[in-house]
Amino acid sequence: NALPDANIACKEAKIIAHEKKNESEGDIRRNVGEHFLLDHDFLVMEAYRQGLVRIGRHNATLLLQEKLEQMNISIIELPRECLSPERERWLMDVSLFAHRKYSTSSLSDDDLKQHFLSHRHEMLCKIDTQATLQNSTWRNLFSSCKFQKSSC
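Not measured: the values here are computed from a predicted model.

Engineer: What is the right way to look at the packing of helix α2 (residues 38-49) against helix α3 (residues 57-71) in this model?
Structural biologist: Helix-helix packing: each pair is described by the crossing angle between the helix axes and the interaxial distance. Between α2 and α3, the least distance of the axes is 9 Å, while the angle of their chain directions is 115°. Relative to α3, the crossing made by α2 is right-handed. Judged by residue contacts, H40, D41, L43, V44 and M45 of α2 engage R57, A60, T61, L64, Q65 and L68 from α3. Split into classes, the residues belonging to the contact of α2 with α3 amount to six nonpolar, three polar and two charged.

Pasting the structure below:
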């Protein structure tokens, strides 16, 4: 099911978040960006499921973010699972249909397509937790002392 004006609502939310961030020192949390750790959480939960993590989920997620920063690696550099090209085309077609039918925005179809294409990797993909944890670097990281209940 398509959500009418979802793309416009998302664009407007980003504008409002940007304005609010400029107004105050507080962080604005959103679904894309450095402050929302969804992929981190997915990876931690899979590591927990595989018996690699013994500390709490929240602490493990924050610790993972800290370790990635120390390694100078972004979570989006790890293996990703994305929509198939067919599903991606379907989603773009549905978005264009909903935009034409329900939107009052002056955004053109070409602008919407360009936005969709330029952001599809970050918005339509998620971390491939299985592939990531098959790599010994990540298995060893989660098996390390900091991710266990015992103190180091």
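Engineer: Would you take a moment to explain the environment of C125 for this structure?
Structural biologist: Looking at where C125 falls in the secondary structure, it is placed in strand β2 (residues 125-127). Among the residues examined, C125 registers a relative accessible area of 12% and is labelled buried. Separated by 45 residues in the primary sequence, C125 and R80 have C-alpha atoms spaced 6.2 Å apart. The contact partners of C125, leaving out residues within four places of it in the chain, are R80, E81, C82 and R120.

Engineer: How should the environment of I76 be read in this particular structure?
Structural biologist: Within the secondary structure, I76 is located in the loop between α3 and β1 (80-82). Sequence-wise, I76 and I127 are 51 residues apart; in three dimensions their C-alpha atoms are separated by 7.3 Å.

Engineer: How do you make sense of the side chain of H40 when you look at a structure like this?
Structural biologist: Following the sequence through the fold, H40 ends up in helix α2. On the accessibility criterion, H40 (5% relative accessible area) is buried.

Criteria and cut-off values
Residues numbered from 1 in each chain as written. Predicted model: local features only at pLDDT ≥ 70, side-chain atom pairs only at ≥ 80, totals over all residues. Heavy atoms only, no water. Axes fitted to C-alpha atoms, helices over the stretch in contact; angles between N-to-C directions. Helix = DSSP H or I, 4+ residues; strand = E, 2+ residues; numbered from the N terminus. Left-handed = near helix turned anticlockwise from the far one by under 90°. Contact = heavy atoms within 4.5 Å. Nonpolar A, V, L, I, M, F, W, Y, C, P; charged D, E, K, R; others polar. Buried < 20%, exposed > 50% of the residue type's maximum accessible area, 1.4 Å probe, protein only.

None of the figures reported here should be taken as evidence of function without further support.
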